[in-house]
There are 4 protein chains.
Amino acid sequence: MHTDTLLPFPETTQHHDLAASYEVVRQYTEDLCAPLQLEDYIPQPVDFVSPPKWHLAHTSWFFEEFILVKFRPDYERYHPDFSYLFNSYYNHMGSRVVRTDRGNITRPGVEEVYRYRSYVNEAMRQLLAEGTSAELEELIILGLNHEQQHQELLITDLKYIFGHNPIFPVYQEGFSLTEVANTESGWASVEAGIYGIGFEKGDFCYDNELGRHQVYLEAFEISKSLVTNGEYIEFIEAGGYGDFDLWLDEGWQWVQQYAAQAPLYWHQIEGTWHQYTLGGLQRVNPDSVLCHINFYEAAAFAAWKGMRLPTEFEWEAASPQFSWGQRWEWTHSAYLPYPRFSKAPGAIGEYNGKFMINQMVLRGGSTATSPGHSRPTYRNFFHPHLQWQCTGLRLVN
Amino acid sequence: MHTDTLLPFPETTQHHDLAASYEVVRQYTEDLCAPLQLEDYIPQPVDFVSPPKWHLAHTSWFFEEFILVKFRPDYERYHPDFSYLFNSYYNHMGSRVVRTDRGNITRPGVEEVYRYRSYVNEAMRQLLAEGTSAELEELIILGLNHEQQHQELLITDLKYIFGHNPIFPVYQEGFSLTEVANTESGWASVEAGIYGIGFEKGDFCYDNELGRHQVYLEAFEISKSLVTNGEYIEFIEAGGYGDFDLWLDEGWQWVQQYAAQAPLYWHQIEGTWHQYTLGGLQRVNPDSVLCHINFYEAAAFAAWKGMRLPTEFEWEAASPQFSWGQRWEWTHSAYLPYPRFSKAPGAIGEYNGKFMINQMVLRGGSTATSPGHSRPTYRNFFHPHLQWQCTGLRLVN
Amino acid sequence: MHTDTLLPFPETTQHHDLAASYEVVRQYTEDLCAPLQLEDYIPQPVDFVSPPKWHLAHTSWFFEEFILVKFRPDYERYHPDFSYLFNSYYNHMGSRVVRTDRGNITRPGVEEVYRYRSYVNEAMRQLLAEGTSAELEELIILGLNHEQQHQELLITDLKYIFGHNPIFPVYQEGFSLTEVANTESGWASVEAGIYGIGFEKGDFCYDNELGRHQVYLEAFEISKSLVTNGEYIEFIEAGGYGDFDLWLDEGWQWVQQYAAQAPLYWHQIEGTWHQYTLGGLQRVNPDSVLCHINFYEAAAFAAWKGMRLPTEFEWEAASPQFSWGQRWEWTHSAYLPYPRFSKAPGAIGEYNGKFMINQMVLRGGSTATSPGHSRPTYRNFFHPHLQWQCTGLRLVN
Amino acid sequence: MHTDTLLPFPETTQHHDLAASYEVVRQYTEDLCAPLQLEDYIPQPVDFVSPPKWHLAHTSWFFEEFILVKFRPDYERYHPDFSYLFNSYYNHMGSRVVRTDRGNITRPGVEEVYRYRSYVNEAMRQLLAEGTSAELEELIILGLNHEQQHQELLITDLKYIFGHNPIFPVYQEGFSLTEVANTESGWASVEAGIYGIGFEKGDFCYDNELGRHQVYLEAFEISKSLVTNGEYIEFIEAGGYGDFDLWLDEGWQWVQQYAAQAPLYWHQIEGTWHQYTLGGLQRVNPDSVLCHINFYEAAAFAAWKGMRLPTEFEWEAASPQFSWGQRWEWTHSAYLPYPRFSKAPGAIGEYNGKFMINQMVLRGGSTATSPGHSRPTYRNFFHPHLQWQCTGLRLVN
């Protein structure tokens, strides 16, 4: 039940024509970059944001290192330094550029990175034409899903770069990740009982969704709509950012350290709330779904309403009863392994498991998520203080 | 099934003679300080450790501010500045000395803090003699449990202070928190099914144990013994601290930042592992239960064994089948609210709920825990990088 | 007695045809950027380094804000945001982009910054054509000297950006700031007596050179040559970086914090010292003049030789006796005001005076300095730990 | 011309009865500690402040390590760990406790440190009774001057500890380091010419005063009085802390980082300036000499007056014309070596020379300085941001 998006997103990748999917996904990354100037590809303003150039290169690196080097014995890497330069966090794959230095690597330049992409694409096309084994198909599908994740990061990272430029550059007129309206209202009821949680069947899932298992849930009611900007403005105007009693202790420290007063990208101009969007600065629409809050803000808002966030299990059990995908939704579940979770051997095993600490699960999807990329069992995760993804919340009563 | 301890701990506080319990618990805090020199009461070597003097004062502050000021209208505070100086983290109770400054406040001196304790004790005795309401009794029991928690912190904080002095002072000859042997061996089996979790009945529990609820568990086997020093030395000698594949990503960062190579307080002297204990430096006994590891180390060790840590729910369900209390045991559960959890109004509500983020649950108890203080539903919690509590692990297969 | 340089530097600006000088200096900044790719204009890898784009814009900003806005009543700024975006440190000129954010401002792009330069140039040409007052001429000459200073920073900042890229990009084949040989040898003697110090007559000087005054000097001998790479390698091989006795206390802390073992950009490859140059990685030539050392290294080397650095007064008094300009030379003088020093009113007064603390004076010039820019009374200054300028040393016996 | 002080300071040590001097100086350190409680000996609230216990021990360590171990072959150290524990910054003397850990070392306790002092004293008495060589006498006099320096640090460090305790403990009723009045007024004139600078003759000086040399000075007028609190309040009330134009760049950063608004220990209470003194909180006396300002504040005040600070050479040349010793006076001279300065070999050589960077010279003395300790050629030095010494300023016109 993914909602419409404002972007001409590609069709789902979970089909059977892998070669076509490959083209669609790879092309879409480049389409996202079409409105950029060369300069925009370079900076890394903060450690958790990566330069667009790096996303372009790293997604190609994934196909080169995990697939081409392994499955095409005669494959020659595009450049011997790239396996070092564009590794992200895979310790198995050797040393890598320190994360905070990504923005200082001006060479290879953007054009060469595009040549790198073409080179990898050409080799992948040959590989796909030669026919694929089940193992290889699985890896290619993983690579495409990996690239889709970086598509979402690319657009949110770019928003961070532009949103911290005092002149607020426009990525594309009228483009907004945040103008999404609720299509439903009211509350869905879920009865107490045992529910099955985790991926069951379908074309693809990440390893962190496996281990289908039973969870006992008490009865609860969950909102069919997401919290809106207007509701959040009420929280702000009621002094929510100044009342320690609503906040987790580390959330209150975050509020004080950053003098937080509103979601990321919000600016109060002559008494009216505005927000930076990729289409430029605009007034905050009170009817649109709230975006760019961190877990601390989500939990404080819920406390102020006298309600709470759903657990990821409640969310998954209730998900057939509401539409989702407008916005990643903070849950009150820590990102931890499911029963029988085990890491794959080697570098692929570093994909998810090693991040299962100090992060909270988000469910759903957002306007920046490629359609078909998410599903009801999808487990997204971020540290509780981070705001730069398209994150909102849904209440449980 | 709390095991014997090395300290002459007071009897349990969960009895019906509250006045007697009050005396026992309050006296025990002072008994713990008997071997100290005046200088030892003062320092705060790191932000998470508090000076012994501060523990003495803060536990009295709790009775003064939460009970005497409220229930004895004619009560006069011992000193007007103390409500400010000895507040820990209760925002409801007004401003407080910044946590990292606790070690720089030399006045009031230790003697005056003892006078403060006597003054509060005298007033509490009168209050207890006058008869108590249910609400008041509940608060006093909370105050005594609060003081027992600080007793454990006092002795572990003191170990931190002494353990970071290059001359390794002796607190008391022969005293050791770490010389504990397993009394059982083998594995306990738990069948798949629904289990009740959370506090059911008894004299006292914290609010974070309430919300008795059902949890579905898959079948598992859990060790009846804790991991020993000898087993952990095997992990060290197998290069466990050098193999990133065993560690969570943030755990690996911790290893590298601190060049971690062994549990806290361990020193390799001429090829043999020694550890600082409150009885002085001594050889590590391979048969004793492992202590002073953080969650990252626990999880890495389990990964190396090809096993895992129990969840807090598995631990609680299996707990009738093994003895516990030798050592706080890291579980693989994040510290989060149980169903129907709600904070009490006012300052008492700050006791537990606001810390429910970025911490992991520990179950059991330790040689530093006052007997009767813990119970099978008790939820202790610390950040995953901290080692200075008496922390070990139990494996699940 | 400025030596030849490797760059086709423009002729001196201290002539009487100001309009011609304006063209030469402004063009040279752009010439320096000719070998760049667009990506190279963007990053700021460390707070003391600025992006090339920023240098291009800021030098234009200087003419716009200090001259055009003031002397051409009808002048319209190129863009209202630029006075904010491209201010460096002039508090009088209003708020500015925080220094560490300079590398994250991708828009305005490089092309637009060049248009900004053209726009300013056009307005300056008209102003120059209309005839200039003495006050205006003085400001224009200041602006050109300011731009020359940024030319030197531009090339050294670029070296820092490229020199920290693991693939060591080439700015221009054969281009090296560091391949300079001594042309003289032996020692110059200076007799005890009173010497005049400070700017006396000529076309231009900075305010920090004014206040011509007398200084009494004891007799000394000063080397006619600069220390070479070969001599410094002897110091390294003798264990100079490991002997605390040779270092100032804060220098020794710097050595330990950064595990310093050699000048900036030096790498030992299979036992041989190499250095990154703007022409790529190359072997260190033992006969070339030493470069990229900080004051701590200069002082430690001199201590190891049993000698010392000259004071800036000794250097100035002896300067007619040796050739200079191959390399900025650390002196043993702190950067402090001369007698009768006074700041100019307003923003121009922020040029030099407010930096007169915690910095050391350098005398001479380097291969990156525009010819004619320096003179014997010129006082360059940097913090003692910085290495990224073309800095070496001359010994006094 | 040292002025009267409020403390019953011991007589000068520059006499010929070394044994008597030894007793007087050593006793005086202990006299300073007489009003302390045991707790006060322990904390180190900030890295540049040392615990009183540490001063007591380190001054004894100096006699033990530099004299007794060397000149009494049969001498046995009091305790083998102390040479490690109580070393300050002498790299030649082996490893030492990291500076920021001094406040966490509770054992050895205060009593034992006093026993250590007695033990060292007894051995020193025997050594002195046996007769001394010139070399030995020189070292003992150095040790006594070293101890006097630590006496001043002890009392200013204690003020820092007490002054940051929210209850403002009283060291001794009526005791104040800051209540000092000017005894002179008007201006002294110094003619242009050559002046001799540096130690000429007398009983003792530090190595940094040696190298008597000539300095040419222009004519100047210097105030015979120090700036008072009242004059500084005018600066505050005129907005001095808010006007960037008065400050050095790093001074302005300091103002902003610490939101500085007044000298250290000043508090505005209901519109009136108070200051913490060792006799408790009291109103600021406008006629008393200003104290506890750093170099940045001194320079900003002078700029506001349209005047400047003297150089250390001007101060020394003018010093016969005014009384001094009320307060350490910031000069506008960086702490650098005099001509012909050379470090003594070995650890004694670490006394002064290695600190000659990034610090400014102070001349004079203060109410916390032992009488006879200072002299007109004495060069005190501190980093420009530090306020906790008894520091003021004298203007030059």
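Throughout this document, residue positions are counted from 1 along each chain, in the order its sequence is written. Written order decides the labels, with chains lettered from A and ligands numbered from 1. Two thresholds apply to this predicted model, a pLDDT of at least 70 for residue-level local features and 80 or more for giving and counting side-chain atom pairs, whereas whole-chain, interface and lining totals are computed over all residues.

Under the annotation held in an unreviewed UniProt entry, chain A carries the name Ergothioneine biosynthesis protein EgtB and is attributed to Salmonirosea aquatica. Its UniProt record, at the heading Pathway (unreviewed entry), says of chain A: "Amino-acid biosynthesis; ergothioneine biosynthesis." UniProt positions are given in the numbering used here, feature names are shortened, and annotations may be inferred rather than shown by experiment.

Peer 1: Can you walk me through the overall build of chain A in this structure?
Peer 2: Tallying secondary structure elements over chain A gives 9 helices and 11 strands in all. Whereas a compact globule of 397 residues would reach a radius of gyration of roughly 21 Å, chain A reaches 21 Å, a difference of no more than 12%. If you line up chain A on its principal axes, its C-alpha atoms span 65 × 50 × 35 Å. Across the 397 residues that make up chain A, the buried fraction comes to 46%. What counts as a contact is two residues whose backbone-derived C-beta atoms lie within 7 Å of each other. For chain A, restricting intrachain contacts to residue pairs at least 6 apart in sequence, the fraction spanning at least 24 positions comes to 77%. Strands here are runs of E lasting at least two residues and helices are runs of H or I lasting at least four, both read from the DSSP assignment and numbered beginning at the N terminus. For the radius of gyration, the atom set is restricted to C-alpha positions; the globular benchmark scales as 2.2 Å times the number of residues to the power 0.38. With C-beta atoms placed from the backbone, the exposure class of a residue follows from how many other C-beta atoms lie within 10 Å of its own: 20 or more, buried; 12 or fewer, exposed; in between, partly exposed.

Peer 1: Looking at this structure, I do not really get the relation of the copies chain A and chain B. What am I missing?
Peer 2: Superposition of the copies was done by least squares, using only C-alpha atoms of residues whose pLDDT is at least 70 in both. The operation relating chain A to chain B is a screw motion whose rotation component is 180 degrees, with 0.0 Å of axial translation and a residual RMSD of 0.0 Å. A rotation of that kind, with that shift, is consistent with a two-fold axis. Ranked by how close their C-alpha atoms come to the rotation axis, the residues of chain A are headed by N358 of chain A, at 2.4 Å. Same-surface contact between copies: 100% of interface residues of chain A are shared with the interface of chain B.

Peer 1: It is not clear to me how the interface of chain A and chain C should be interpreted in this structure. Could you clarify?
Peer 2: It is common to report an interface's size as the accessible area lost on association of the parts. Taken together, the contact pairs 24 residues of chain A with 24 residues of chain C. Residues are grouped as follows: Ala, Val, Leu, Ile, Met, Phe, Trp, Tyr, Cys and Pro are nonpolar; Asp, Glu, Lys and Arg are charged; every other residue, Gly included, is polar. Here the side of chain A that touches chain C is composed, by residue class, of 13 nonpolar, 7 polar and 4 charged.

Peer 1: Where do I start with the sheet that holds strand β9 (residues 360–363) of chain A in this structure?
Peer 2: Sheet strands pair via backbone hydrogen bonds, and the direction of the pair is either parallel or antiparallel. Residues and elements named next belong to chain A. Strands were regarded as paired on the criterion that DSSP finds at least two bridges between them. Within the open sheet, the 4 strands sit side by side as β10-β9-β8-β11. Their pairing is mixed. Among the strands making up the open sheet, the edge pair consists of β10 (380–382) and β11 (391–392). Inspection of the sheet shows strand β8 (residues 328–334) paired to β11 by 2 bridges, in the parallel sense. Residue pairing for β11: W328 is matched across the bridge by T391.

Peer 1: Would you mind showing me how to read the UniProt feature "domain: Sulfatase-modifying factor enzyme-like" (unreviewed entry) in chain A here?
Peer 2: Here, UniProt's "domain: Sulfatase-modifying factor enzyme-like" (unreviewed entry) annotation points to residues 187–319 of chain A. Within the segment residues 187–319 of chain A, helix and strand shares are 28% and 24% respectively, and the terminal C-alpha atoms sit 12 Å apart.

Peer 1: Teacher, can you tell me more about the domain arrangement of chain A here?
Peer 2: Residues and elements named next belong to chain A. By the assigned domains, chain A splits into domain 1 (18–163) and domain 2 (187–392). Each partner contributes residues to the interface: domain 1 has 18 residues there, and domain 2 has 15 residues. Among the elements that make up the side of domain 1 that touches domain 2, the one with the highest residue count is helix α5 (residues 134–163) (11 residues). All domain edges in this entry derive from an automatic or database-based domain assignment.

Peer 1: Sorry, what's going on with the packing of helix α2 (residues 52–71) of chain A against α5 of chain A here?
Peer 2: Each packed pair of helices is defined by two parameters, the angle between the axes and the distance between the axes. Residue and element names in this part refer to chain A. Relative orientation of the contacting elements α2 and α5 amounts to 170 degrees, with a least axis distance of 9 Å. Taken together, the axes of α2 and α5 lie roughly antiparallel to each other. For the pair formed by α2 and α5, the contact residues are P52, H55, H58, T59, F62, F63, F66, I67 and F71 on the first element and L136, L139, I140, G143, H146, E147, H150, L153, L154 and L158 on the second. Taken together, the residues that form the contact of α2 with α5 break down as 12 nonpolar, 6 polar and 1 charged. Helix axes use the C-alpha atoms of the stretch in contact, all axes being lines fitted to C-alpha atoms, and the angles between their N-to-C directions lie in the range 0 to 180 degrees. Any angle from 65 to 115 degrees is called roughly perpendicular, while one under 35 is roughly parallel, one over 145 is roughly antiparallel, and all others are oblique.

Peer 1: Explain the pairing of strand β7 (residues 280–283) of chain B to me, please; I cannot follow it from the model alone.
Peer 2: The two faces of a sheet get side chains in turn, since along a regular strand they alternate between them. Residues and elements named next belong to chain B. As paired elements, strand β6 (residues 272–277) and β7 share 4 bridges and run antiparallel to each other. Bridge pairing links Q275 to Q282 in β7. From the end of β6 to the start of β7, which pair antiparallel, there are 2 residues.

Peer 1: Hey, could you run me through unusual backbone geometry in this one?
Peer 2: Excluding glycine, most residues fall at negative phi; most peptide bonds, likewise, are trans. Going from R107 of chain C to P108 of chain C, the amide bond is cis rather than trans, its omega being 0 degrees. Along the chain, P108 of chain C falls in the loop between α3 (82–85) and α4 (110–129). The phi angle at Y265 of chain D is positive, at roughly 80 degrees, despite the residue not being glycine. Tracing the sequence through the fold places Y265 of chain D in the loop between α7 (249–258) and β5 (266–269). The backbone phi angle of E270 of chain D is positive, close to 50 degrees, even though this residue is not glycine. Topologically, E270 of chain D is positioned in the loop between β5 and β6 (272–277).

Peer 1: Before we go on, may I ask you to explain the sheet that holds strand β9 (residues 360–363) of chain B in this structure?
Peer 2: Within the open sheet, the 4 strands sit side by side as β10-β9-β8-β11 (chain B). Their pairing is mixed. In this open sheet, the two edge strands, each paired with only one partner strand, are β10 (380–382) and β11 (391–392) of chain B.

Peer 1: Help me out: how do you make sense of the interface of chain A and chain B in this one?
Peer 2: Counting from both sides, the interface comprises 21 residues of chain A and, opposite them, 21 residues of chain B. Put simply, the parts of the chain that give the side of chain A that touches chain B at least two residues each are β3 (213–217), α7 (249–258) and β8 of chain A. The element contributing the most residues to the side of chain A that touches chain B is β3 of chain A, with 4 residues. Here the side of chain A that touches chain B is built from residues that sort into 12 nonpolar, 5 polar and 4 charged.

Peer 1: In this structure, what is going on with the nonpolar core? I would like to understand it.
Peer 2: Side chains of a nonpolar character, in soluble globular proteins, are inclined to be buried together. Think of a nonpolar core as buried Ala, Val, Leu, Ile, Met, Phe, Trp, Tyr and Cys residues, each tied to the set through C-beta atoms within 7 Å. If you look at the biggest cluster of nonpolar residues, it comprises 120 residues, and the most contacted ones within it are A298, A299 and L393 of chain A together with A298, A299 and L393 of chain B. Those residues in contact with A299 of chain B that sit more than four places away from it in its chain are L248, G251 and L309 of chain B. Among the nonpolar cores identified, the runner-up in size contains 118 residues, and L153 and M356 of chain C together with A303 and I357 of chain D belong to it.

Peer 1: Quick question: what am I supposed to make of the environment of L36 of chain D here?
Peer 2: All names here are of chain D. Position of L36 among the secondary structure elements: in the loop between α1 (18–33) and α2 (52–71). For the pair L36 and V170, spaced 134 residues apart in sequence, the C-alpha to C-alpha distance is 9.8 Å. In this structure L36 touches Y41 and P52, once residues within four positions along its chain are discounted.

Peer 1: So what exactly am I meant to see when it comes to the environment of L36 of chain B here?
Peer 2: Owing to 16 C-beta atoms within 10 Å, L36 of chain B belongs among the partly exposed residues under this scheme. Along the sequence, L36 of chain B and E209 of chain B sit 173 residues apart, while their C-alpha atoms lie 35 Å from each other.

Peer 1: Would you mind showing me how to read the arrangement of the chains here?
Peer 2: Contact between chain B and chain C is absent, and the least distance between their C-alpha atoms amounts to 14 Å. No part of chain A reaches chain D; the closest C-alpha pair between them is 14 Å apart.

Peer 1: Would you take a moment to explain α1 of chain D for this structure?
Peer 2: An α-helix turns once every 3.6 residues. As a result, residues three or four positions apart point the same way. Residues and elements named next belong to chain D. Each residue after the first adds 1.5 Å to the expected span of a helix. With 16 residues, α1 extends 23 Å between its outermost C-alpha atoms, agreeing within 8% with the 22 Å of an ideal straight helix rising 1.5 Å per residue. Among all positions of α1, only S21, Y22, V25, R26, T29 and L32 are buried. For α1, the angular spread of the buried residues around the axis is 120 degrees, confining them to a single face. Away from its buried face, by an angle of more than 90 degrees, α1 presents the exposed residues Q27 and E30. Where α1 is buried, its residues touch α2, α4 (110–129) and α5 (134–163). Note that the arc is computed from the directions linking the helix axis to the C-beta atoms.

Peer 1: Please explain the packing of helix α2 (residues 52–71) of chain C against α4 of chain C as it appears in this structure.
Peer 2: Residues and elements named next belong to chain C. Running from N to C, α2 and α4 cross one another at 30 degrees; their axes reach a closest spacing of 9 Å. As judged from the angle between their axes, α2 and α4 are roughly parallel. Taken as a pair, α2 and α4 cross one another with a handedness that is left-handed. On α4, the residues that touch K53, L56, A57, S60, F63, E64, L68 and F71 of α2 are V110, V113, Y116, R117, V120, A123, M124 and L127. We call a crossing left-handed when the near helix sits turned anticlockwise from the far one by less than a right angle, and right-handed when that turn is clockwise.

Peer 1: Hey, could you run me through the confidence of the model for chain A in this one?
Peer 2: Should the pLDDT be low somewhere, the predicted coordinates at that spot are not to be read in detail. Residue and element names in this part refer to chain A. What pLDDT expresses is the predictor's confidence in each residue, scored from 0 to 100. Averaged over every residue, the pLDDT of chain A is 93; the share at 70 or more is 95%. The model gives residues 1–15 a pLDDT under 50, and that stretch makes 34 contacts with residues more than four places away or in other chains. Predicted complex metrics record ipTM = 0.94 and pTM = 0.94.

Peer 1: I keep staring at the environment of N397 of chain C and nothing clicks. Help me out?
Peer 2: Residue placement: N397 of chain C occurs in the segment after β11 (391–392). On a C-alpha basis, the gap between N397 of chain C and P310 of chain C in space is 9.0 Å, while along the polypeptide they are 87 residues apart.

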